[in-house]
Amino acid sequence: MEQILNRINHKINAVSIVDETNYFSQPTIQMVLIKKLKNREKFIIGVIEDNDFNRHYLVRPHKKKVVTSSIHYKNDGIADECIEGYVLFCLSNGYQLSFISVPMIISVWEYIEIYSYKMDYTIEGVKEFLLYCQQIGVTKELLDYYGDTEREDLYAIFLNGIFNEDTILLKQCIGDSVLILGYQEYFNTLLYTVFVIDDDSSQINYKEHHRLIDSALTDFMRLFYDLSILYYRQTEKNIKETVSHFIDFVEENGL
């Protein structure tokens, strides 16, 4: 809930910042990048004008030139400088995504597909982008649908063994649910998290933090048994309904 509220506040602030520039007549915000400093947050806002996706503007209130359409960043000559590469560059250098539009997600995803074999210079940015997509429920199937083409499974390529910034210790698929026990370092100690994820939408249906591995494992096993029982009960019900419908069909047709 706190993450959602932060994203809403960042989007509201971004709209105000863009309006205050008096530069645009019909702006649409495509992405909001945030860098947390000691007493404030540093914004970079991606904007298009009149739904022209061929020209992107950057609004950076911390710069003397607040609005610019020229995009420059270090990319080691791998590709022409573009908004997609800029997003990954910023994510590799301490910025975090607070908001990104669906067309922009598709565009960045395509960029990573094309240059996946040359992503060493922004590998951290690629992972940050994919983790964000994972957190908000973006799936490969969703992008296939909106992009009208088959996409590479970048999660499998770049996040193998990682979920929601946690390294996966245990993973069990039970029906339409995926049960995960992950861990990550937090202030020089390990914090364990148990997740239950919907396999189709990647939505997180359960998330609980634990400081002790024994506590995390107990929670994991409890959910494993509960989900297994629900799955087998539902499967048993489906089997009985299928057989019942077949019997009705046989009787109705005198077979």
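The structure we're discussing is the one just above.
This section reports on the structure supplied with the text. (Residues numbered from 1 in each chain as written. Predicted model: local features only at pLDDT ≥ 70, side-chain atom pairs only at ≥ 80, totals over all residues. Heavy atoms only, no water.)

**Here we look at the sheet that holds strand β7 (residues 166–174)**
- Taken together, the five strands give an open sheet; going across it, the order is β6-β7-β8-β9-β10, and neighbouring strands pair in antiparallel fashion. Of all strands in the sheet, those bounded by a partner on one side alone are β6 (162–163) and β10 (204–210).
- Bridge analysis of strand β8 (residues 177–186) against strand β9 (residues 189–198) gives 10 bridges, and the strand direction is antiparallel. Each residue of the ladder has a partner; that of S177, found in β9, is D198.
- Each of β7, β8, β9 and β10 is contacted by helix α7 (residues 213–252), which is oriented at about 20 degrees to β7, the strand it contacts most. (Pairing = 2+ DSSP bridges. Helix = DSSP H or I, 4+ residues; strand = E, 2+ residues; numbered from the N terminus. Contact = heavy atoms within 4.5 Å. Axes fitted to C-alpha atoms, helices over the stretch in contact; angles between N-to-C directions.)

**As for the state of the cysteines**
- Scanning all chains against the criterion turns up zero disulfides.
- Note on C82: no disulfide assigned, nearest cysteine sulfur contributed by C90 at a separation of 12 Å.
- By relative accessible area, C90 is classed as buried at 3%. (Disulfide = S-S within 2.5 Å. Buried < 20%, exposed > 50% of the residue type's maximum accessible area, 1.4 Å probe, protein only.)

**Let's talk about unusual backbone geometry**
- Residue F187 is not a glycine yet carries a positive backbone phi of 50 degrees.
- Tracing the chain through its elements places F187 in the loop between β8 and β9.
- Positive phi outside glycine occurs at N188, with the angle close to 65 degrees.

**Overview of the packing of helix α3 (residues 102–114) against helix α4 (residues 123–135)**
- α4 packs onto α3 with a crossing angle of 140 degrees between their chain directions and a minimal axis gap of 12 Å. The angle between α3 and α4 places the two elements in the oblique class. With respect to the hand of their crossing, α3 and α4 are arranged in left-handed fashion. Along the contact surface, α3 presents I105, V108, W109 and I112, while α4 presents V126, F129, L130 and C133.
- Taken together, the residues of the contact of α3 with α4 sort by class into eight nonpolar, no polar and no charged. (Parallel < 35°, antiparallel > 145°, perpendicular 65-115°, else oblique. Left-handed = near helix turned anticlockwise from the far one by under 90°. Nonpolar A, V, L, I, M, F, W, Y, C, P; charged D, E, K, R; others polar.)

**Regarding the packing of α3 against helix α5 (residues 140–147)**
- Closest axis-to-axis distance for the α3/α5 pair is 11 Å, and the angle between their directions is 105 degrees. The orientation of α3 relative to α5 falls into the category roughly perpendicular. Residue-level contacts link I105, I106 and W109 of α3 to L143, Y146 and G147 of α5.
- Looking at the contact of α3 with α5 residue by residue, the classes come out as five nonpolar, one polar and no charged.

**Quick word on the packing of aromatic side chains**
- Following the criterion strictly, the structure yields 11 aromatic pairs and no others.
- Between Y145 and Y146 the ring centres are 5.2 Å apart and the planes differ by 85 degrees, which places this aromatic pair in the edge-to-face class.
- Residue Y145 is classed as exposed on the basis of its relative accessible area of 62%.
- Both rings, one in Y186 and one in F187, keep their centres 4.8 Å apart while their planes meet at 80 degrees; by these two values the pair is edge-to-face.
- Here the aromatic residues Y23, F24 and Y57 are joined through ring pairs into a cluster of three or more.
- Above the ring of F99, the side-chain terminus of K11 is found at 4.0 Å from the ring centroid. (Phe/Tyr/Trp six-rings, centres within 6.5 Å; stacked < 30°, edge-to-face > 60°. Lys NZ or Arg CZ within 6 Å of the ring centre and 35° of its normal.)

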